[in-house]
Amino acid sequence: MNVYKKILVKLFEVTGGKDTEAVDFKELIKSEGFYPSYRDIFKQMSQQGWIAETGREDIIKITHWGIKEAKKVQTGTKDGTREIQRSANRFKEDVKEFLVMTEEFANDITEEHFKLVENKFDKINEAIKELKVNF
């Protein structure tokens, strides 16, 4: 289990699985021994949609998506494996499309083709980040 999911499960436990409970996220991270990585953990979990800010500094709430993911991790179901497989398949398809686009660009060097290649490259980077989170 990666650090993000470990913190997510701890947050789920602390809130009792309720998205109405506010938690001092900095203190939670500190108690789990990951304080030096606080900003990175906060950013990643926010991007995943697992936590939401409350308007008070360092006070957050777990979201519906965070609860769903925490339950998935806690039960140890194969859903996580299925999600990784889906992500890997999307990544593979994006890379295949990227190769075709780069061939088209090499054969017809235009700004339009370059923009398509650049956009697909950005999508591939996002897919890599998604895969990394699941490990």
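Presented here is a report on the structure given in the accompanying data block. (Residues numbered from 1 in each chain as written. Predicted model: local features only at pLDDT ≥ 70, side-chain atom pairs only at ≥ 80, totals over all residues. Heavy atoms only, no water.)

### Digging into the pattern of salt bridges
Taken as a whole and assessed by the stated rule, the structure comprises 10 salt bridges. Salt-bridge contacts for Asp94 lead to Lys123; the nearest nitrogen and oxygen are separated by 3.9 Å. Within this pair, whereas Asp94 is found in helix 5 (residues 79-107), its partner Lys123 is found in helix 6 (residues 111-133), the two being separated by 29 residues in sequence. Through salt bridges with shared partners, one network takes in Asp94, Glu97, Lys120 and Lys123. (Salt bridge = Lys/Arg side-chain N within 4 Å of Asp/Glu carboxyl O. Helix = DSSP H or I, 4+ residues; strand = E, 2+ residues; numbered from the N terminus.)

### Description of the packing of helix 1 (residues 3-15) against helix 3 (residues 38-47)
Between helix 1 and helix 3, the least distance of the axes is 10 Å, while the angle of their chain directions is 80°. When the axis of helix 1 is compared with that of helix 3, the two are roughly perpendicular. Contacts between helix 1 and helix 3 pair Val3, Tyr4, Ile7 and Leu8 from the former with Asp40, Ile41, Gln44 and Met45 from the latter. Its residues placed into classes, the contact of helix 1 with helix 3 shows 6 nonpolar, 1 polar and 1 charged. (Axes fitted to C-alpha atoms, helices over the stretch in contact; angles between N-to-C directions. Parallel < 35°, antiparallel > 145°, perpendicular 65-115°, else oblique. Contact = heavy atoms within 4.5 Å. Nonpolar A, V, L, I, M, F, W, Y, C, P; charged D, E, K, R; others polar.)

### Comments concerning the sheet that holds strand 3 (residues 59-62)
Spatially, 1-3-2 is the arrangement adopted by the 3 strands of the open sheet, whose pairing is antiparallel. Two strands bound the open sheet, and with one partner strand each, they are strand 1 (22-24) and strand 2 (51-53). Across the sheet, the mean angle from the axis of one strand to that of its neighbour is 40°, orientation sign disregarded. Summarising the sheet, strand 1 and strand 3 pair through 3 bridges and their orientation is antiparallel. Along strand 3, the bridge assignment pairs Ala22 with Lys61. (Pairing = 2+ DSSP bridges.)

### Comments concerning helix 4 (residues 64-75)
A rise of 1.5 Å per residue sets the reference length of helix 4, with its 12 residues, at 16 Å; its end C-alpha atoms lie 17 Å apart and thus fit the reference within 8%. Restricting attention to buried positions, one finds in helix 4 the residues Gly66, Ile67, Glu69, Ala70 and Val73. The buried residues of helix 4 occupy an angular sector of 165° when projected down its axis, which confines them to one face. Of the exposed residues in helix 4, the ones pointing more than 90 degrees away from its buried face are His64, Trp65 and Thr75. Packed against the buried residues of helix 4 are helix 1 and strand 3. (Expected span 1.5 Å × (residues − 1). Buried < 20%, exposed > 50% of the residue type's maximum accessible area, 1.4 Å probe, protein only. Arc of directions from axis to C-beta.)

### With respect to the pairing of strand 3
The sheet contact formed by strand 2 and strand 3 spans 3 bridges and is antiparallel. Considered in strand 3, the bridge of Ala52 is made with Lys61. Joining the antiparallel neighbours strand 2 and strand 3 is a turn of 5 residues, in which Gly55 adopts a positive phi near 105°.

### As for the packing of aromatic side chains
In this description, an aromatic ring pair is defined by two values, namely the gap between the centres and the angle between the planes. Under the defined criterion, the tally for this structure stands at 5 aromatic pairs. Ring geometry for Phe25 against Tyr38: centres 6.0 Å apart, planes inclined by 50°, an arrangement best described as tilted. In this pair, Phe25 is assigned in helix 2 (residues 25-31) and Tyr38 in helix 3, connecting sequence segments 13 residues apart. Since its relative accessible area comes to 4%, Tyr38 is described here as buried. A centroid spacing of 5.8 Å and a plane angle of 50° characterise the contact between Phe105 and Phe114, whose relative ring orientation is tilted. Among the residues examined, Phe114 registers a relative accessible area of 41% and is labelled partly exposed. Above the plane of the ring of Tyr38 lies Lys26, whose end atom (NZ or CZ) is 5.3 Å from the centre. The aromatic ring of Tyr35 is capped on one face by Lys30, whose charged end is 5.1 Å from the ring centroid. (Phe/Tyr/Trp six-rings, centres within 6.5 Å; stacked < 30°, edge-to-face > 60°. Lys NZ or Arg CZ within 6 Å of the ring centre and 35° of its normal.)

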